[in-house]
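Residue-level structural notes
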Amino acid sequence: MILTISGYPLDAPLHCDVTADTIHGTGYILTQTQADCIVRTWVTAPRALSPTGLADVQRTALYLESGLFVTALSLDGEITLSTWEAVSGSDGADLYSTTNMPFDFAVEIAT
């Protein structure tokens, strides 16, 4: 099945191919590669401009080999740090749950 992941600040929805056995509670299980794609798309999503023309939104992320993504959002000088920890796996075979995503994205089965 195909999941559609959408929401601000993504330009367009992302699509992830998952199997039916990847349901995890009220969410879905994603591979490290799929999670990385979501994080990288969030980092490079469009940024709003301040009245001076300088970007007032900055995003960055870091992946740690222990299976942890760390994201940082700077919005008008306020910094928010979030983490997305693997629910299982290791050494690049980490699995991530959409319920733990550090973003307020809608996750739906594509029709």
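What counts, and where the lines are drawn
- Throughout, residues of each chain are indexed from 1 in the direction in which the sequence is written.
- This being a predicted model, a pLDDT of at least 70 is required before a residue's local features are given, and a value of 80 or more before pairs of side-chain atoms are given or counted; all residues contribute to the totals for chains, interfaces and linings.
- Hydrogens and waters are ignored; side-chain quantities use all the structure's heavy atoms.
- Each helix is a run of H or I in the DSSP string that is no shorter than four residues. Each strand is a run of E no shorter than two, and both are numbered from the N terminus.
- Accessible area is worked out with a 1.4 Å probe on protein chains only. A residue is then buried under 20% of its type maximum, exposed over 50%, and partly exposed in between.
- What makes two strands pair is DSSP finding at least two bridges between them.
- Simply put, an axis is a line fit to the C-alpha atoms, just over the touching stretch for a helix, and the angle between two N-to-C directions goes from 0 to 180 degrees.
- Between two residues, a contact is recorded if the distance between any of their heavy atoms is within 4.5 Å.
- Each residue gets a pLDDT score, which is the predictor's confidence in that residue and runs from 0 to 100.
- For this document, the term salt bridge refers to a Lys or Arg side-chain nitrogen within 4 Å of an Asp or Glu carboxyl oxygen.

1. Quick word on the environment of T33
Structurally, T33 can be placed in helix 1 (residues 32–43). Here T33 falls in the exposed class, since its relative accessible area comes to 58%. The spatial distance from the C-alpha of T33 to the C-alpha of L95 is 9.2 Å, given a sequence separation of 62 residues.

2. Quick word on the sheet that holds strand 2 (residues 14–17)
One open sheet accounts for three strands, arranged 2-1-9; its pairing is antiparallel. In the strand order of this sheet, the two ends are held by strand 2 and strand 9 (106–109), each with one partner. For this sheet, the mean inter-axis angle between neighbouring strands, taken without regard to orientation, is 25°. Here strand 1 (residues 2–6) pairs with strand 9 via four bridges, running antiparallel. Residue pairing across strands places I5 opposite V107, the latter belonging to strand 9. Taken strand by strand, helix 1 contacts strand 1 and strand 2, and its axis lies near 175° from that of strand 2.

3. Thoughts on the confidence of the model for the protein
Looking at the protein, the pLDDT average stands at 84 and 86% of residues meet or exceed 70. Considering each helix and strand of the protein separately, the mean pLDDT is smallest for strand 3 (residues 23–24), with a value of 68, and largest for strand 7 (residues 78–85), with 93.

4. Some remarks on the pattern of salt bridges
If you walk through the whole model with that rule in mind, you get one salt bridge. Across the pair R40 and D36 runs a salt bridge whose closest N-O atoms are separated by 3.3 Å. Placement of the pair is R40 and D36 together in helix 1, with a separation of four residues, close to one helical turn. For R40, a relative accessible area of 34% gives the class partly exposed.

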